[in-house]
Amino acid sequence: MRVLHPGREETRHDTRMAPRLRSLDGVVLGFLDNIGYTHSDGRRDMYPLMAEVKRVLEQRYRIKGVLWRLKPLKGQVAPPEMIKEVAQADAVINGICL
Amino acid sequence: MTKFHSKAFDVKDSWDWLDMAYENGWTDGVPVAPPTTERVQAVIDYLRRDPAEEIGVVPPMDGLATVEKVAINCVMAGCKPEYVPVVLAGLEASLDPAFNLNGNLSTTNPCAPLAVVGGPAVKKLGFNAGDGVFGGGARANAAVGRALRLLYWNLGGAIPGVTAKSTLGSPAKYAYCIAENDIGLPSWEPLHVERGFESDDSVVTMFACDAPHSVYCAGGVERILSYFATRLTILGTLHFHRAGEILAVVTPRVVRLLEQEGYSKRKFHEALYERARWDLEALSQLPGVVGGDDYLGQWWGDIHGAPSVDSMPDKRRLPLVQRPEEILVVVSGGDGQWWGAVCPGWGNLSQSVSRRIVFPG
């Protein structure tokens, strides 16, 4: 009996690893935030856990700059233009979700 | 015989195949039929389509769905060739960006893509739209539901704990396909007709939702409306956090009573919309429920340019959705008692999408 492979043999998913950074010193760090945080006056800010990660990294390394983008909807893929913007950074941290 | 593009394997028998399927992770736990070249060829012959034709890219792992891959997974699910156009329509609907398949296969929520089949295909292909519609007893419902799930599994790579992060999962994630019970009442048009299709079109509507929550509503129209309204306004459902479509399923007996009492389907939509409301003043007695960062009040105001909660004139009667038709109504199930069901959706993170089923000419 001859059967056929039911799974992914062709994919449009580029799964190559991004080049690894030697250090975070001197890099622009991107943050793609799924949820954010709303202050009582309505201002939107970084999700607190993500903000803490940023604080710790800034303390430990000489981060050149930070690029923060907040997704419009947490359950959906970020719009292509937002991905393009955040990809300007040397490394990107993505999260947090529910 | 077609020259298939998929890799072929020789196996001794069905059990040998089944061991191979489990070892390679080609099934979600339920046994699957062997996709033999002969069976897959029969599907291709029926469809009269190029096996290499691309249907789309299935998230989250972006596997390429070709006619051939769809045929293979349909055979594994136990589909007759004539079911495959239904699966193709369901797959195409769920690949519409508005449906956000990537999100609803990956979310921590327990939602699953539900296929609602309507039109002449229901009777023609033997879909169950009566007793036990949500589970058990009909090859067409089970096989079409399984085929869609296997496509999400094998091409999408929606694997629990890896890419599919639903904390609880759901029995609906094995197979989730129902059919509309068209009882021929002119004032109760099937879902696809409400959405602008012709009555003689066969259509699949995909809707990301929880497994059904039953509603027992004997005792007259007032009870039907109030019990459904209560079921629609349960704290903890995602549409509380992010207002979006919800599905109400009503059985024929309930529909006939509603119709006798002057409720067309349109009027039923409107009655549910009017009665099923969030009472913000009452909810504000619960700490953190109203006005917090992750709760009602933030989300409702974010949606589709809707007015903010603060601008609503009556905070005791905040609508669940913006328009009555966003509470989808489907007639389905058996006639035995006064049952209905509500399937809460995945908030505003996904919208239902309908596609006409195209059978080979």
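Criteria and cut-off values
- Residues numbered from 1 in each chain as written.
- Chains lettered and ligands numbered in written order.
- Predicted model: local features only at pLDDT ≥ 70, side-chain atom pairs only at ≥ 80, totals over all residues.
- Helix = DSSP H or I, 4+ residues; strand = E, 2+ residues; numbered from the N terminus.
- Contact = placed C-beta atoms within 7 Å.
- pLDDT = per-residue confidence, 0-100.
- Nonpolar A, V, L, I, M, F, W, Y, C, P; charged D, E, K, R; others polar.
- Pairing = 2+ DSSP bridges.
- Axes fitted to C-alpha atoms, helices over the stretch in contact; angles between N-to-C directions.
- Parallel < 35°, antiparallel > 145°, perpendicular 65-115°, else oblique.
- Left-handed = near helix turned anticlockwise from the far one by under 90°.
- Buried ≥ 20, exposed ≤ 12 C-beta atoms within 10 Å, placed from the backbone.
- Core = buried A, V, L, I, M, F, W, Y, C linked by C-beta atoms within 7 Å.

Caption draft 1: Representation of the overall build of chain A in the model. Within chain A, the regular secondary structure consists of 2 helices and 6 strands. The helix and strand sequence of chain A, counted from the amino end, reads β-β-β-β-α-β-α-β. With respect to the principal axes defined by its C-alpha atoms, chain A has extents near 65 × 35 × 25 Å. Of the contacts made within chain A by residues no fewer than 6 positions apart, 64% connect residues no fewer than 24 positions apart.

Caption draft 2: Here's a closer look at the confidence of the model for chain A. A residue-level look at chain A finds 91% of positions with pLDDT of 70 or above and a mean pLDDT of 88. Ranking the elements of chain A by mean pLDDT puts strand S3 (residues 37-38) of chain A last, at 79, and strand S1 (residues 2-4) of chain A first, at 98.

Caption draft 3: Geometry of the interface of chain A and chain B. On the chain B side, the residues contacting the 20 residues of chain A number 35 residues. Taken together, the elements giving at least two residues each to the side of chain A that touches chain B come down to S1 and S3 of chain A. The element contributing the most residues to the side of chain A that touches chain B is S1(A), with 3 residues. Among the residues forming the side of chain A that touches chain B, the class breakdown is 8 nonpolar, 7 polar and 5 charged. Direction of pairing for S1(A) relative to strand S1 (residues 8-10) of chain B: antiparallel, over a ladder of 3 bridges. Bridging across to S1(B), Arg2(A) finds its partner in Asp10(B).

Caption draft 4: Broad picture of the packing of helix H3 (residues 67-77) of chain B against helix H7 (residues 139-154) of chain B. All names here are of chain B. Packing of H3 against H7 leaves a shortest axis separation of 8 Å and a crossing angle of 130°. With respect to their mutual orientation, H3 and H7 come out oblique. Judged by the twist between their axes, the crossing of H3 over H7 is right-handed. Counting all contacts with H3, which are made through Val70, Asn73, Cys74, Met76 and Ala77, the residues of H7 involved are Ala143, Arg146, Ala147, Leu150, Leu151 and Asn154. Taken together, the residues of the contact of H3 with H7 break down into 8 nonpolar, 2 polar and 1 charged.

Caption draft 5: Focus on unusual backbone geometry. Residues and elements named next belong to chain B. A cis amide bond, omega 5°, links Pro59 with the succeeding residue Pro60. By the secondary structure assignment, Pro60 is in the loop between strand S2 (54-58) and strand S3 (63-66). Here Asp62, not a glycine, exhibits a phi torsion of approximately 60°, which is positive. By the secondary structure assignment, Asp62 is in the loop between S2 and S3. By C-beta crowding, Asp62 is classed as partly exposed, having 19 other C-beta atoms within 10 Å. Here Asn100, not a glycine, exhibits a phi torsion of approximately 55°, which is positive. With respect to the helices and strands, the residue Asn100 is situated in the loop between helix H4 (84-94) and helix H5 (101-106).

Caption draft 6: Highlighting the sheet that holds strand S2 (residues 28-33) of chain A. Residues and elements named next belong to chain A. Here 3 strands make up an open sheet; going across it, the order is S5-S2-S6 and the pairing parallel. On the outer flanks of this sheet lie strand S5 (65-70) and strand S6 (91-95), each paired with one strand and no other. Mean inter-strand twist for the sheet, computed between neighbouring axes without regard to direction, equals 15°. Of the pairings in the sheet, the one linking S2 to S5 comprises 6 bridges and is parallel in character. When the sheet's bridge partners are listed, Gly30 is paired in S5 with Leu67. Its contacts with the sheet put helix H1 (residues 48-60) on S2, S5 and S6, and the angle it makes with S2 is roughly 170°.

Caption draft 7: Structural context of the packing of helix H2 (residues 37-47) of chain B against H3(B). Residue and element names in this part refer to chain B. Closest axis-to-axis distance for the H2/H3 pair is 9 Å, and the angle between their directions is 125°. One way to sum up the angle between H2 and H3 is to call them oblique. Between H2 and H3 lies a crossing of right-handed hand. Where H2 abuts H3, its residues Arg39, Val40, Val43, Ile44 and Leu47 lie against Val67, Ala71, Ile72, Cys74 and Val75. Taken together, the residues of the contact of H2 with H3 sort by class into 9 nonpolar, no polar and 1 charged.

Caption draft 8: Layout of the pairing of strand S11 (residues 327-331) of chain B. All names here are of chain B. Burial runs high along S11: 5 of the 5 residues are buried. What you see with S11 is no split at all: Ile327, Val329 and Val331 on one side and Leu328 and Val330 on the other are buried throughout. Sheet topology note: the strand S8 (residues 246-250)/S11 ladder contains 5 bridges and is parallel. Considered in S11, the bridge of Val250 is made with Val331.

Caption draft 9: Examining the confidence of the model for chain B more closely. The predicted model of chain B averages 92 in pLDDT, with 93% of residues at 70 or higher. Interface confidence for the predicted complex, expressed as ipTM, amounts to 0.92; the pTM equals 0.91.

Caption draft 10: Expanded view of the nonpolar core. In terms of nonpolar packing, the biggest core is built from 110 residues, with Cys74(B), Val87(B), Val144(B) and Ala248(B) touching the most fellow members. If you tally residues by element for this core, the top one is H7(B), at 10 residues. Those residues in contact with Val87(B), other than ones at most four positions away along the chain, are Val70(B), Cys74(B), Cys79(B), Val144(B), Ala147(B) and Leu148(B). Of all hydrophobic cores here, the second largest spans 6 residues; its members include Leu29(A), Phe31(A), Leu32(A) and Tyr47(A).

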